[in-house]
Amino acid sequence: MTRNREPLVSLALYHAFKWSVVSPLLHTYFRGKIYGAENVPQSGAVLIVSNHASYFDPPIVSSCVRRPVAYMAKEELFKVPVLAQAIKLYGAYPVSRGTADRNAIRAALEYLENGWAVGVFLEGTRTPDGRISDPKRGAALLAAKAKAPFLPVCLWGSEQILQPGSSLPRPVPLTIRIGQLIDAPSSTNKEELERVTQQCATVINEMHDLGR
């Protein structure tokens, strides 16, 4: 049976982590501004696509959309007993780095089928300026198979949080913009996936151009 949203235990863990750690950091240390939070559906499957410039991006996105977001995490983390259980409840699923991990794809589809929000960085890796120049079609394929809409999210400023050679986050100002829902691709045809992927990238880059 398909659920309409995340399990209660996952919601409880999400809110505990958000209000004790992420939200205070975002709103005080990083002076975070959030625009478009009213665009987020608070139940049902949705594929959150965003730019990516910092290791801090996943918890920031989850906090701003006000619901848990399931992200891929490197499989090594799931070998740590207590941590493995915690990140699973929070929505993380393992991926084998450097491979086309079919298990990770199946896990993402299962989360969507169970009413989760699933997060995908559209370029697949961090970029130095926070802009998307080479979006990948993987998110569009997931959306087409799950028939889940996209929610475009833009993080501005997160590439400045960590500087080369430093392990301490800098108190840089962050701005997060959340766009309107974009319909899932109508098919898994390559041209259709490419069209929707480019649409998502354009929307995110246009929000990034708005700056602070």
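Scroll up to find the structure this text is about.
Owing to the predicted nature of the structure, the values given are computational and were not obtained by experimental measurement.

Cut-off values and rules
- Residues numbered from 1 in each chain as written.
- Predicted model: local features only at pLDDT ≥ 70, side-chain atom pairs only at ≥ 80, totals over all residues.
- Heavy atoms only, no water.
- Phe/Tyr/Trp six-rings, centres within 6.5 Å; stacked < 30°, edge-to-face > 60°.
- Helix = DSSP H or I, 4+ residues; strand = E, 2+ residues; numbered from the N terminus.
- Buried < 20%, exposed > 50% of the residue type's maximum accessible area, 1.4 Å probe, protein only.
- Core = buried A, V, L, I, M, F, W, Y, C linked by side-chain atoms within 4.5 Å.
- Contact = heavy atoms within 4.5 Å.
- Polar contact = N/O pair within 3.5 Å; in protein donor to acceptor, adjacent residues only side chain to side chain.

(A) The packing of aromatic side chains, seen in detail. For the coordinates displayed, the defined rule picks out seven aromatic pairs. Their ring planes at 90 degrees and their centres at 5.8 Å tell us that F17 and Y90 sit as a pair that is edge-to-face. You can see F17 sitting in helix 1 (residues 8-29) and its partner Y90 sitting in helix 3 (residues 81-90), a full 73 residues away along the chain. Judged by relative accessible area, which is 34%, F17 ranks as partly exposed. Taken together, a centroid distance of 6.2 Å and an interplanar angle of 80 degrees make the contact between F30 and F56 edge-to-face. With a gap of 26 residues between them, F30 in the loop between helix 1 and strand 1 (33-35) and F56 in the loop between strand 2 (46-50) and helix 2 (57-65) connect regions that are remote in the sequence.

(B) Local environment of the nonpolar core. L47, V49, Y93, V118, L122 and F150 are the most contacted members of the largest nonpolar core, which totals 31 residues. Elements supplying a minimum of two residues to this core: strand 2, strand 5 (93-95), helix 4 (102-113), strand 6 (117-121), helix 5 (138-146), strand 7 (150-156) and helix 6 (190-209). Among residues more than four places away in sequence, those in contact with V118 are V46, L47, I48, V69, A70, Y93, A108, Y111 and L112. C64, V69, Y71 and L151 belong to the second-largest nonpolar core, a separate cluster that totals 21 residues.

(C) Region of the structure containing the environment of Y29. Here Y29 lies in helix 1. Accessibility expressed as a relative area gives 33% for Y29, which makes it partly exposed. Sequence separation between Y29 and P171 is 142 residues, and the spatial gap between their C-alpha atoms is 5.4 Å. When residues no more than four places from it in sequence are discounted, the contact partners of Y29 are P24, P169, R170 and P171. Within the structure, the side chain of Y29 is placed 2.6 Å from the backbone oxygen of P169, a separation counted as a polar contact.

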